[in-house]
Protein chains: 2
Amino acid sequence: MQFKSVDISKTASAASIIFDALKKAIIEGNLEEGAPLRQDEIAKMFNTSRIPVREAISRLEEHGLVKSQRYKGAVVSGLSAGEAGEIFDYRAILEPHIIRISVPKMTPKALAEARSFCDAFAVSDDPMEWGDLNRKFHATLYNASGLTFHLEAVESALDRVDRYLRAQLVLSNGMARANDEHLRIQDACERGDADAAAELTHQHILGAKNSLLKHLSKL
Amino acid sequence: MQFKSVDISKTASAASIIFDALKKAIIEGNLEEGAPLRQDEIAKMFNTSRIPVREAISRLEEHGLVKSQRYKGAVVSGLSAGEAGEIFDYRAILEPHIIRISVPKMTPKALAEARSFCDAFAVSDDPMEWGDLNRKFHATLYNASGLTFHLEAVESALDRVDRYLRAQLVLSNGMARANDEHLRIQDACERGDADAAAELTHQHILGAKNSLLKHLSKL
DNA sequence: GATATTCAAATTGGATCCAATATTCAATAT
DNA sequence: ATATTGAATATTGGATCCAATTTGAATATC
């Protein structure tokens, strides 16, 4: 007799749970930049001691999501316009490469999944959902590449700019433009046109960058 | 009366010291892949408790340098040939971009410094020193770009492949070729030819990749 | 003899406690 | 009124202790 593996992820230490929760809060902007992360306070929220909290914070620091100073504690790190722009440039270099590798490997299933995210993105009216669907759409298209290191690198970069990216989507016609570009990328992938998908992805990211920088300069 | 700031970096927690030491040991290959990291053992080495050791290990894990399993502990992570190749491709995409931005911003001082590393690399006969000088040479050329995110990303990628990169240098004419390519990159930078520097950097990295993969396939 | 079971040792994850440092704010001096 | 000192408080870094889990060897079972 065989049992299905249940995966009751007992593989979840308190530190991991706290790490994920804090990361999510930072990425979604629920923790504003500059906000201090008090170990005691967080420990109480999760009914743990400060030990796993410290581990979570030190891991976040390695991702650049918080900055901590000895005996002073950690704060959520922000991004200057220059840094944000740099990260968009970084993505604009990597993601076209990833999707070019990915296109010839995409299965009909992956394409269908991507299209469903694309459609959901188009009709969603919840700004918080946009960021999520946007990432899922692109990630689904990229996954077929099998480039795990690249994918991790891009995820990490997105984690850093996600708050700003969402802010940019809310702007003027940010959503409309993003949606239009998504459709064109999706079409290119379905046609199997890797070069077009790469070029459209490049423009998609640079367009978002310009829109974001315009927004940031007005603050 | 003014005093010079002394910067007695009291800003060094035990966790940071242990992190740096373990990272160095892994990068230099003194800790072989698969080697278990026993918290107790490491704590005794540094005359500390296991708490800062755990923090160091969890930070290393975020960099992909170790893999840890709940209640089982952490081991130094290795790289398959495919993963190593992927990381070289990643570098081959990013580093040309960085040096292209960097070239027009390089100061005579930076160029002189790079050349000195280049020369030192040429005459060094210590394999362990090669990796260090190689990184310093490239880092010096890249620094002028001011692309801090890109630089961190490349450093992180290099951390993952440094052991293999050094192994590759030891091969046949690895050093001779690397040295020749370094000179050509240095020359391009001194001429202010950003495109040439970028193209040479691209070839330099892909050449190392091919050499490495040839080496790995023989194991 | 090979496989399953039990149990002690080893190891990690986390809680509690203590030390080191920073911050706050009232008391004092200029 | 402002600047400075200094103690009280808050906060972080680390040590020690306990609980949960894994590992491996000894024993039992077929």
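Residues numbered from 1 in each chain as written. Chains lettered and ligands numbered in written order. Predicted model: local features only at pLDDT ≥ 70, side-chain atom pairs only at ≥ 80, totals over all residues. Heavy atoms only, no water.

Draft legend 1. Region of interest: the overall build of chain A. In terms of regular secondary structure, chain A is built from nine helices and three strands. Compactness check: chain A gives a C-alpha radius of gyration of 19 Å against a globular reference of 17 Å for 219 residues, within 12% of the reference. For chain A, with 219 residues in total, the buried portion stands at 49%. (Helix = DSSP H or I, 4+ residues; strand = E, 2+ residues; numbered from the N terminus. Rg over C-alpha atoms; globule rule 2.2 N^0.38 Å. Buried < 20%, exposed > 50% of the residue type's maximum accessible area, 1.4 Å probe, protein only.)

Draft legend 2. Representation of the packing of aromatic side chains. Counted by the stated rule, this structure contains two aromatic pairs over all chains. With a centroid separation of 4.8 Å and 85 degrees between ring planes, the pair formed by A:Y90 and B:F149 is classed as edge-to-face. Of this pair, A:Y90 sits in helix α4 (residues 81-102) while B:F149 sits in helix α7 (residues 148-170), each in a different chain. The two residues A:Y90 and B:F149 agree in class, both being buried. Lying over the aromatic face of A:F19, A:R59 brings its terminal NZ or CZ to 5.0 Å of the ring centre. (Phe/Tyr/Trp six-rings, centres within 6.5 Å; stacked < 30°, edge-to-face > 60°. Lys NZ or Arg CZ within 6 Å of the ring centre and 35° of its normal.)

Draft legend 3. Region of interest: the protein's contact with DNA strand C. Contacts to DNA strand C come from 20 residues, most closely from A:A14, A:S49, A:Y71, B:R50 and B:R54. Backbone polar atom of A:A14 to a phosphate oxygen of DNA strand C: 2.4 Å apart, as the coordinates give it. Take B:R50: an N or O atom from its side chain is 2.9 Å from a base nitrogen of DNA strand C. Broken down by secondary-structure element, the contributors of at least two residues to the surface near DNA strand C are α1 (14-27) and α3 (50-62) of chain A together with α3 (50-62) of chain B. Looking at which element gives the most residues to the surface near DNA strand C, the answer is α3(B), with three residues. Of the residues contributing to the surface near DNA strand C, the split by class is eight nonpolar, six polar and six charged. (Near = heavy atom within 4 Å. Polar contact = N/O pair within 3.5 Å; in protein donor to acceptor, adjacent residues only side chain to side chain. Nonpolar A, V, L, I, M, F, W, Y, C, P; charged D, E, K, R; others polar.)

Draft legend 4. Inspection of the relation of the copies chain B and chain A at higher detail. Note on the identical chains: chain B maps onto chain A by a rotation of 180 degrees and an axial translation of 0.0 Å, with an RMSD of 0.0 Å. In symmetry terms, the pair is related by a two-fold rotation axis. Here 100% of the contact residues of chain B are again contact residues in chain A; the copies associate through an equivalent surface. (Least-squares fit on C-alpha atoms with pLDDT ≥ 70 in both. Contact = heavy atoms within 4.5 Å.)

Draft legend 5. Region of interest: the interface of chain B and chain A. At the junction of the two partners, chain B supplies 28 residues and chain A supplies 28 residues. Regarding the contact of chain B and chain A, the summed buried area is about 2600 Å², with carbon and sulfur atoms giving 60% of it. Counting the surface chain B buries against chain A, the share from its top three residues, B:E62, B:E86 and B:F149, is 27%. Across the contact surface, chain B and chain A share four salt bridges. Across the pair B:E62 and A:R59 runs a salt bridge whose closest N-O atoms are separated by 2.9 Å. Taken together, chain B and chain A are joined by 13 residue pairs in polar contact (both at pLDDT 80 or more). (Buried area = accessible area lost by both parts, 1.4 Å probe. Salt bridge = Lys/Arg side-chain N within 4 Å of Asp/Glu carboxyl O.)

Draft legend 6. Representation of the layout of surface pockets. The calculated volume of the largest pocket comes to roughly 1200 Å³. Lining the largest pocket are 47 residues, with A:H63, A:S156, B:E62, B:H63 and B:S156 sitting closest to its centre. Broken down by secondary-structure element, the contributors of at least two residues to the lining of the largest pocket are α1, α3, α4 and α7 (148-170) of chain A together with α3, β2 (66-69), α4 (81-102) and α7 of chain B. Ranked by residue count, the leading element in the lining of the largest pocket is α7(B), at 10 residues. Across the lining of the largest pocket, the residue classes break down as 14 nonpolar, 11 polar and 22 charged. (1 Å grid on protein atoms, 1.4 Å probe; cavity = no way out; pocket = protein on both sides within 12 Å on 5 of 7 lines; lining within 4 Å. Points joined across faces, edges and corners; volume = space filled by probe spheres on them.)

Draft legend 7. The arrangement of the protein's contact with DNA strand D in detail. In the vicinity of DNA strand D there are 20 residues, among which A:R50, A:R54, B:A14, B:S49 and B:Y71 approach most closely. Considering the 4 Å shell around the protein, atoms of DNA strand D inside it are sugar or phosphate in 66% of instances. At a separation of 2.8 Å, a base nitrogen of DNA strand D approaches a polar side-chain atom of A:R50. One of the side-chain N or O atoms of A:R54 is found 2.8 Å from a base nitrogen in DNA strand D. Among the elements that take part in the surface near DNA strand D, α3(A) stands out by supplying three residues, more than any other. For the surface near DNA strand D, the per-class residue count stands at eight nonpolar, six polar and six charged.

Draft legend 8. Representation of helix α5 (residues 108-123) of chain B within the structure. Residues and elements named next belong to chain B. Its 16 residues place the ends of α5 23 Å apart at the C-alpha level, agreeing with the 22 Å of an ideal helix rising 1.5 Å per residue. Looking only at α5, the buried set comprises A110, L111, A114, F117, C118 and F121. For α5, the arc enclosing every buried residue in end-on projection is 125 degrees, short of the 170-degree limit, so these residues lie on one face. Of the exposed residues in α5, those oriented more than 90 degrees away from the buried face are P108, K109 and V123. (Expected span 1.5 Å × (residues − 1). Arc of directions from axis to C-beta.)

Draft legend 9. Representation of the domain arrangement of chain A in the model. All names here are of chain A. As far as domains go, chain A holds domain 1 (14-76) and domain 2 (81-217). Placing a centre on the C-alpha atoms of domain 1 and another on those of domain 2 gives a separation of 28 Å. The partner domain 2 presents nine residues to the 11 residues of domain 1 that form the contact. Summed over both partners, the interface of domain 1 with domain 2 comes to about 780 Å²; 46% of that surface belongs to carbon and sulfur atoms. Considering only the side of domain 1, the residues that lose the most area to domain 2 are I27, E28 and H63, jointly responsible for 52% of the buried surface there. One salt bridge in this structure joins D159 and K23, with 3.5 Å as the shortest N-O distance. Where domain 1 touches domain 2, the interface holds five residue pairs in polar contact (both at pLDDT 80 or more). A total of three residues in the side of domain 1 that touches domain 2 trace back to one element, the largest contributor, which is α1. Across the side of domain 1 that touches domain 2, the residue classes break down as four nonpolar, four polar and three charged. (Domains from an automatic or database assignment.)

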